[in-house]
Every structure is written in C-alpha cells, then in structure tokens.
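One letter stands for each residue in the lines below.
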Amino acid sequence: MTSGPRLVVVGDPAGRRVAFFQDALRTAGLPGARAVSWPDVLRGRARFAGGETVRLDSPGEDPEADVLLRGVDDPARVEGTGRWYGRFTAAVADLARSVARAGAVLVDDPAELAVLFDKRLSHGRLRAAGVPVPESPTSGAGAPAVRGWADVRALTAGAGLRRVFVKLAHGSSASGVLALETNGAGRVQATTSVERGADGRLFNSLRVRRYTTEREVASVVDALAPDGLHVERWLPKATQGGRAADLRVVVIDGRATHAVLRTSRYPMTNLHLGGARGDLAAARAAIAAAGGRWEDALGVCERAAAAFPGTRCVGVDLLPASGWRRFAVGEVNAFGDLLPGLTGLPGSGAEGLDTYGAQVAAQFVDGPAMSPFTSTTRTASTTSSSSTTSTTGTSTT
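Note that the coordinates shown come from a computational prediction; the quantities given were computed from them, not determined experimentally.

*Asks:* I would appreciate a short explanation of the packing of helix α7 (residues 149-159) against helix α8 (residues 214-224) in the present structure.
*Replies:* In a packed pair of helices, the relevant descriptors are the angle between the two axes and the axis-to-axis distance. The interhelical angle for the contact between α7 and α8, taken along N-to-C directions, is 105°, at an axis separation of 8 Å. Considering their axes alone, α7 and α8 lie roughly perpendicular with respect to each other. Residue-level contacts link Trp149, Val152 and Arg153 of α7 to Glu214, Val217, Ala218, Val221 and Asp222 of α8. When grouped by side-chain class, the residues that make up the contact of α7 with α8 number five nonpolar, no polar and three charged.

Put into structure tokens, the structure is as follows:
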C-alpha cells in the first residue's frame, strides 16, 4: 500500500462526493480518509490531530447542513444564501484555526474560499488578473450594492446593457439566476427557474419559465436582493446542434485536466434544468475551424485558476462566444469537480482518472504518480492572450 498523509475529508459522510474521494484513495492504494460532517463543524464539534491533512468538500448534499447554514424550512427555497455565506465563511475560518492549533494542514485557503463564494469579489479578482470576463457593473469590493429592481434598472441602463444575467452573489447550481432582456421600448423579459409563490416566497423549480412583465420581474428581483446580487453581461454563446453551449473545465494544481461540454435550449446549461452533455470533440473541431486553438481555451481556464493560487482544484465555467473563436470565464467554482464518469483530457496527465482520482494523484500520492501534475501551466496560459481571448468582457462577443 502506498504511504501518504493521514487524511480527513469534511463533507457529507453519506454523500456522493465523499464516496468518490474515498474510492479514489482506495484505487491509489491509500488508506481511507476520516470523514467529518459539516453539521459537526458548524456546531463546533469537529476535532483534528497533528499530522492530519484536511480536505474540504461541499456541504451542498447535506440537508442538515443546509438548514444550519441558510436557516430555511424547505430545501427548495431560494432565500437564505446571504446567511449561508456568512455562516459558511465564518465556519471555515474557525475550522482553519482549529486545524492549525492541532498541528494539522488544511489543503485550501479559507480567504480564497470567501472570494470564490462571492460572485462580485471573484469577478473583480479575475478582471484584475486580466482574465476575460463578462462586463459587470457589480464587479469587485467597491462596486455599488444592488438593493432591488430599481438598482438593476439604473446600473444596466448606465452601462448600456440590455441583456444581462442577474445572479445571487452567493448562489450555486443556477439558483436564483435570471437571464434578463430589455428592448428599446423598455419591455422586460426574464428566463429563470425561480418560482414565486402566492405568499411571495421563492422556490427553485426544475421547470424553466419566463416572466414577461416588468412587475413580475421586479417582484422576483426585489425578493432576491436582500441576499446580495451580481449583474453581468449576457454574452451570446456558441451553439452546438442549435443549443447554447459552454464548458466546465476542472483545473488541478494549475493544470486543466477534465472538460465537459454542456448544452441547453435555455440560457442556463445546468443538467437539472434540461441541460445535457454535448460533443466535446465536435466543439474542439469547431474551435479549430474558426482559427482558434483548444490549448488557448484551456489556457484561459488555467489563468482563471491562477488567480486563486491557494485553491488546488477549481471548476471553471468557460463561455465560448458565438463562432467558437473567443472565450470568457463565467465563474470559478471551489467545488466544481462533481463530474461522475468523466476521465482526464489527453495530454493532461490525468488520462484514465476521474476528477477525484486526479486530485489524489496530484496532491496525496508520493513519487511518480505526482509527476504529471506540476504548478507550471501550459504555454498558452502564461503568455499574452492570442486572438481567441480578450482582457475585457466587452470584446468577447
């Protein structure tokens, strides 16, 4: 059996993420990790020991953790993400101190997690690093707060933006996202999975719907605003088979290792909202036919990951512009590695490994198994942008 550190994983002990991680450890010949639940962390009951290496995974599959973090009575409710963020970041900071006092090691940087889980801060950091991102009037720590529909109207009008995404600043899985359109006559339409109940409460629905009056849109935005909102330009995406397409690219220790193409007939490509995995080979061919290079697209993702050097694995949402020649980064996800059955890209060093196996090989295995993963990224990610990328969101369409 391969030697290695004594590992601890903080997550849902009965969930898929922890199971995939444990399977990857066993496959690598390592002992299983000690599992610590998020409710134990949130209640101050988690304990660590010297010599342990602690990995954080998402609390998202644990209903008890969701109640403790958001304080809502129904997991389908949209509200509570602001409370989730405050409680989660405080818990991670406390956990980091506890780990350090015990003489253990935390894999990722808690301060970076606080940025990654705030779309406004994350967008601002990416923009400052020269990573192509959609134009946004709410980017960065100094951006104006969005207190409701009136602010969305004013900010988008001031920036000349007629098609935007309005997102919960601390949301995930397309929760609370509105794809908003206005025309020259002032007509408003929003596409979203948010369902508004008769009592005004908001729920996530598996059915995407359209609100076609300003009154309806305003009521939803006003209800979302207390949790914090981020607004960014809605970039026209490339298409495959008549469906909008984007990519989730996993970057491990600075190297793009896994990629999946996602397609949908809706602006949001999430699988639970009718999205589907597309043909990655066809997408690569489309990039080449447009005069671009697949390596440059991956390089954009590696540059985005490099803006968070203390976070060893991220999932980058890459937005190919119409025509497949230029790219922007929509989001960088701290827990963006849940892609069951997906194996590594050719030439990535992770061939034959899923995202968890690749992380184990890169981070926890001593010896040759680690050699494919280095902190040196591909040439395209460390040189100046080619014609496939730009450093401002406004030139990515």
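Moving on, there is more to tell.
*Asks:* Looking at this model, I keep getting lost on empty space enclosed by the protein. Mind explaining?
*Replies:* Gaps left between atoms are located by rolling a probe of water-molecule size over the structure's atoms. Enumeration according to the criterion identifies three cavities of 30 Å³ or more in this entry. Taken as a whole, the largest cavity spans an internal volume of roughly 110 Å³. For the largest cavity, the full set of lining residues is Arg55, Leu56, Asp57, Val107, Asp108, Arg312, Cys313, Ala334, Phe335, Asp337, Gln359 and Gln363. Secondary-structure elements contributing two or more residues to the lining of the largest cavity are β3 (52-56) and α11 (355-363). Within this model, the second largest cavity holds a volume of roughly 50 Å³. Lining the second largest cavity are Trp149, Val152, Arg153, Thr156, Leu161, Arg162, Arg163, Val164, Leu180, Glu181 and Thr182. Listed by contribution, the elements that provide at least two residues to the lining of the second largest cavity are α7, β5 (163-168) and β6 (178-182). Residue contributions to the lining of the second largest cavity peak at four residues, all from α7. Residue classes in the lining of the second largest cavity are distributed as five nonpolar, two polar and four charged.

*Asks:* Which parts of the structure should I look at to understand the sheet that holds β3?
*Replies:* Either a parallel or an antiparallel arrangement is found when strands of a sheet pair, and the pairing is made through backbone hydrogen bonds. Strand order across the open sheet formed by four strands is β2-β1-β3-β4, with parallel pairing between neighbours. Across the chains shown, the open sheet's two edge strands, defined by having one partner strand only, are β2 (34-37) and β4 (105-106). Bridging between β3 and β4 involves two bridges; their strand directions are parallel. Looking across to β4, one finds that Thr53 is bridged to Val105. Against the sheet, helix α1 (residues 16-27) contacts β1 (6-11) and β3, and its axis sits at roughly 165° relative to β1.

*Asks:* Just checking my understanding: could you explain the pattern of salt bridges for this structure?
*Replies:* Pairs can form between side chains of opposite charge whenever their charged atoms are close. Evaluated as defined, the whole model comprises 29 salt bridges. A salt bridge links Asp57 to Arg17; the shortest N-O distance between them is 3.4 Å. In this pair, Asp57 is assigned in the loop between β3 and α3 (63-70) and Arg17 in helix α1, connecting sequence segments 40 residues apart. Arg17 shares its class with Asp57; the two are buried. Arg97 is paired through a salt bridge with Asp94; the nearest N and O atoms lie 2.2 Å apart. Of this pair, Arg97 and Asp94 are both found in helix α4 (residues 81-102), three residues apart, which corresponds to roughly one turn of the helix. Judged by its relative accessible area of 44%, Arg97 falls in the partly exposed class. Via salt bridges that share partners, Asp73, Arg77, Glu79, Asp199 and Arg201 belong to a single interconnected network.

*Asks:* Please explain the environment of Arg209 as it appears in this structure.
*Replies:* Within the secondary structure layout, Arg209 lies in strand β8 (residues 202-211). The contact partners of Arg209, leaving out residues within four places of it in the chain, are Ala190, Thr191, Thr192, Val194 and Glu195. A polar side-chain atom of Arg209 sits 3.0 Å from a polar atom in the side chain of Ser205.

*Asks:* What is the right way to look at the layout of surface pockets in this model?
*Replies:* Considered as a void within the structure, the second largest pocket measures approximately 220 Å³ in volume. As for the second largest pocket, its lining consists of 15 residues, of which Val41, Gly44, Ala91, Asp94 and Leu95 are closest to the centre. Looking at the lining of the second largest pocket, the elements that each hand over two or more residues are α2 (38-42) and α4. Broken down by element, the residue count for the lining of the second largest pocket peaks at eight residues, all from α4. A breakdown of the residues in the lining of the second largest pocket according to their chemical character gives seven nonpolar, two polar and six charged.

*Asks:* What am I meant to see in the sheet that holds strand β7 (residues 188-196) here?
*Replies:* Taken in spatial order, the five strands make up an open sheet running β8-β7-β6-β5-β9, and their pairing is antiparallel. The strands lining the two open edges of the sheet, one partner per strand, are β8 and β9 (229-233). With strand direction ignored, the average angle separating the axes of adjacent strands in the sheet is 25°. Strand direction decides the pairing type here: β7 and β8, joined by six bridges, are antiparallel. Along β8, the bridge assignment pairs Thr192 with Arg209.

Conventions adopted
- Residues numbered from 1 in each chain as written.
- Predicted model: local features only at pLDDT ≥ 70, side-chain atom pairs only at ≥ 80, totals over all residues.
- Heavy atoms only, no water.
- Axes fitted to C-alpha atoms, helices over the stretch in contact; angles between N-to-C directions.
- Helix = DSSP H or I, 4+ residues; strand = E, 2+ residues; numbered from the N terminus.
- Parallel < 35°, antiparallel > 145°, perpendicular 65-115°, else oblique.
- Contact = heavy atoms within 4.5 Å.
- Nonpolar A, V, L, I, M, F, W, Y, C, P; charged D, E, K, R; others polar.
- 1 Å grid on protein atoms, 1.4 Å probe; cavity = no way out; pocket = protein on both sides within 12 Å on 5 of 7 lines; lining within 4 Å.
- Points joined across faces, edges and corners; volume = space filled by probe spheres on them.
- Pairing = 2+ DSSP bridges.
- Salt bridge = Lys/Arg side-chain N within 4 Å of Asp/Glu carboxyl O.
- Buried < 20%, exposed > 50% of the residue type's maximum accessible area, 1.4 Å probe, protein only.
- Polar contact = N/O pair within 3.5 Å; in protein donor to acceptor, adjacent residues only side chain to side chain.

Honestly, it's all geometry; don't read function into it.
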